[in-house]
Amino acid sequence: MILIVDDDKSIRLSLGLILKRAGYEVDYAENPDEALGKVRHTNYDLIFMDMNYSRSTTGEEGIELLRKTKIFLPDTPVILITAWGSIELAVEGMRHGAYDFITKPWNNQLLLQRIKTAINLNDKHQESSRPFNRGGIIGKSEVMNELLTMVERIAPTDAPVLILGENGTGKEMIANAIHINSLRKDNPFVLVNLGGVPQSLFESEMFGHVKGAFTGAISSRKGRFEIADKGTIFLDEIGDLDMASQVKMLRVLQQHTFEPVGDSRPRKVDIRVICATNANLEAMVEERSFREDLFFRINLITLKLPALRERREDIPLLVRHFMAQAAKSQNISEPEMTAEAMEFLTRLPYPGNIRQLKNMIERAVLIGGARLGKDLFSSMPGIEDIKPAGTLALREKNIIVDALEKSAGNMTQAARILGITRQTLYRRMEKYGLK
């Protein structure tokens, strides 16, 4: 049985009619008090829940109802009902245990598919149920466990995701984990590095072209969006997109249609969009170098990846993994790592994050022999640039702190004092852990 909780009678009746026609039993509640009275005594298969009620428009009642519902029915999936203007409330609700959300007006076919999926995933006796697939992501730190819990929760939805993080933190792996745990897992996962797509080739690369569209177009070619149809498209480095290309990107994300170069007929595409960047998009919006409407289109759910220096307890796990991986690829026995070497590696700040650690381990395995000691790593080329608390780094950090104090925390003013852009200031602050 499915419970519908909404103070709008027309919503209750229309949603109930759809569910009944699909063969589901339906129960109704008009307000949070009535809903709580029902969930105390009935084990529902699924609950639809509005976030706003007549007594409040802030969503507090909806969040409180969700919390109490999960106390009585912790395993029952809850799908939130919201309007586009209240999507932030829905995202907050998912952080408190909601399974998914739908926006008004909804698509009936998609709605029924989500219900079927939610109930099937929740069925403890379902033979096809699978554990969460980490997709090779390594880490047991609290910050990584929280991140992966959120990934597991949002993966079955079609909500657009923005992944933020420094270079080398594993944004592509997180995007892949979302895809392989989604309903689209059997369809394409298409990666596009927008930083490597010249403006002149953007339309052809993303939307494709037809034969004869331009000189050299000797045959038709599918673009990345068409290749990703029914699957997931991962738009990496979206902060590098120029303004003209941002307009074209916004259109396809809004309408899910595009036109190949040389063809005026729109083509429909069904995709889930995941974006990533190491840039501060909020600062870019303020500086008018990134469109605000595009930012809000891709920013429905945001995942912030921690830098490696923020999850040091994971470094030994990563070191052992990369050692085994490198030894296997070189067809040699896995070397031994001394305790002093491991301690040294754990204390480094890693401006290049996981990618930098992997390169160091691969080099060490290749040249270090059977036993890898601290001296091997401390003498590697460029190691002085990443040792903690270097004199130049400390001086730069102090200069930034001084500018922030003089400007009373005003980012624009501090950037002006330092003679840099706000975006550059944000990156320097992230580098030195300044918040």
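What counts and how
- Throughout, residues of each chain are indexed from 1 in the direction in which the sequence is written.
- Thresholds applied to this predicted model are a pLDDT of at least 70 for local features of residues and 80 or more for the giving and counting of side-chain atom pairs; totals over whole chains, interfaces and linings are not thresholded and use all residues.
- Each side-chain value is worked out from all heavy atoms of the structure, with water and hydrogens disregarded.
- Working convention: axes come from line fits to C-alpha atoms, limited for helices to the stretch in contact. Angles between N-to-C directions cover 0 to 180 degrees.
- Under the scheme used here, helices are H or I runs from DSSP no shorter than 4 residues and strands are E runs no shorter than 2 residues, and both carry numbers assigned from the N terminus.
- Should an angle fall under 35 degrees it is called roughly parallel, over 145 degrees roughly antiparallel, and 65 to 115 degrees roughly perpendicular, with every other angle called oblique.
- Contact criterion: two residues are considered in contact whenever any of their non-hydrogen atoms come within 4.5 Å of each other.
- Any residue that is not Ala, Val, Leu, Ile, Met, Phe, Trp, Tyr, Cys, Pro, Asp, Glu, Lys or Arg is counted as polar, Gly included; the first ten are nonpolar and the last four charged.
- Here, any two strands with at least 2 DSSP bridges between them count as paired.
- Take a side-chain nitrogen of Lys or Arg and a carboxyl oxygen of Asp or Glu: if they are within 4 Å of each other, that pair is a salt bridge.
- The cut-offs for exposure are 20% and 50% of the maximum accessible area for each residue type, with area from a 1.4 Å probe on protein chains only; residues under the lower value are buried, those over the upper are exposed, and the others partly exposed.
- Residues grouped as a nonpolar core are buried Ala, Val, Leu, Ile, Met, Phe, Trp, Tyr and Cys residues, joined through side-chain atoms within 4.5 Å.
- Here the expected span of a helix is defined as 1.5 Å times the quantity of residues minus one.

### Quick look at the packing of helix α18 (residues 411-418) against helix α19 (residues 422-431)
For the pair α18 and α19, interaxial distance at closest approach is 9 Å and the crossing angle is 95 degrees. The orientation of α18 with respect to α19, classified from their angle, is roughly perpendicular. Between α18 and α19, the contacting residues are M411, T412, A414, A415 and L418 on the first element and R422, L425, Y426 and M429 on the second. Per-class residue counts for the contact of α18 with α19 are seven nonpolar, one polar and one charged.

### Notes on the sheet that holds strand β4 (residues 78-82)
Here five strands make up an open sheet; going across it, the order is β2-β1-β3-β4-β5 and the pairing parallel. Every other strand in the sheet has two partners, leaving β2 (26-29) and β5 (100-103) as the edge strands with one partner each. Each adjacent strand pair in this sheet contributes to an overall mean axis angle of 20 degrees, direction not counted. Bridging between strand β1 (residues 2-5) and strand β3 (residues 46-50) involves four bridges; their strand directions are parallel. Opposite L3, over in β3, you have I47 as the bridge partner. The strands that helix α1 (residues 9-21) touches are β1, β2, β3 and β4; relative to β2, the one it contacts most, it runs at about 170 degrees.

### Description of the pattern of salt bridges
Counted by the stated rule, this structure contains 18 salt bridges. Between E226 and R267 there is a salt bridge, with the nearest N and O atoms lying 3.3 Å from each other. In this pair, E226 is assigned in helix α9 (residues 224-227) and R267 in strand β12 (residues 267-268), connecting sequence segments 41 residues apart. By relative accessible area, which is 24% here, E226 ends up partly exposed. A relative accessible area of 29% means that R267 is categorised as partly exposed. Here the salt bridges share partners, and the residues they tie into one network are E226, D263, R265 and R267.

### Some thoughts on the sheet that holds strand β7 (residues 189-193)
Strand order in the open sheet formed by five strands is β7-β10-β13-β6-β14, with parallel pairing between adjacent strands. Only two strands of the sheet have a single partner each, and these edge strands are β7 and β14 (301-304). For this sheet the average axis-to-axis angle between neighbouring strands, irrespective of direction, equals 20 degrees. Pairing geometry for β7 and strand β10 (residues 232-236), over five bridges, is parallel. Considered in β10, the bridge of F189 is made with T232.

### Considering the nonpolar core
I47, I174, I178, I301 and L303 are the most contacted members of the largest nonpolar core, which totals 45 residues. Ranked by residues supplied to this core, first place goes to helix α6 (residues 142-154) with six residues. Sequence-distant contacts of I178, defined by excluding residues within four places in its chain, comprise V151, I154, A155, V161, R272, I274 and L303. Residues F207, L235, V285 and L294 belong to the second largest nonpolar core, which totals 31 residues.

### Structural notes on α1
Compared with the 18 Å implied by 1.5 Å per residue over 13 residues, the 18 Å span of α1 between its first and last C-alpha is a close match. Immediately beyond the C-terminal end of α1, within one or two residues, lies G23, with a positive phi of roughly 100 degrees.

### Details of the pairing of β1
Covered by surrounding structure in β1 are I2 and I4 together with L3 and V5, the residues of both alternating faces. Sheet topology note: the β1/β2 ladder contains four bridges and is parallel. Bridge pairing in β2 links I2 to V26.

### Topic: the packing of helix α2 (residues 32-39) against helix α3 (residues 60-72)
Between α2 and α3, whose axes approach to 10 Å, the crossing angle comes to 5 degrees. As summarised for this structure, α2 and α3 are arranged roughly parallel, according to the angle between their axes. The segment α2 lies against α3, with P32, A35, L36 and V39 engaging E61, L65, K68, T69 and F72.

### Topic: unusual backbone geometry
One non-glycine residue with positive phi stands out, namely R288, at about 65 degrees. Mapped onto the elements, R288 comes out in the loop between α11 (281-286) and α12 (292-298). Accessibility expressed as a relative area gives 72% for R288, which makes it exposed. Although it is not a glycine, N353 adopts a positive phi angle of roughly 60 degrees.

### Here we look at the environment of Q330
Within the secondary structure layout, Q330 lies in helix α13 (residues 315-330). Taking the C-alpha atoms as reference points, Q330 and V365, 35 residues apart in sequence, are found 8.7 Å from one another.

Fair warning: the whole summary comes from geometry, so function is off the table for now.
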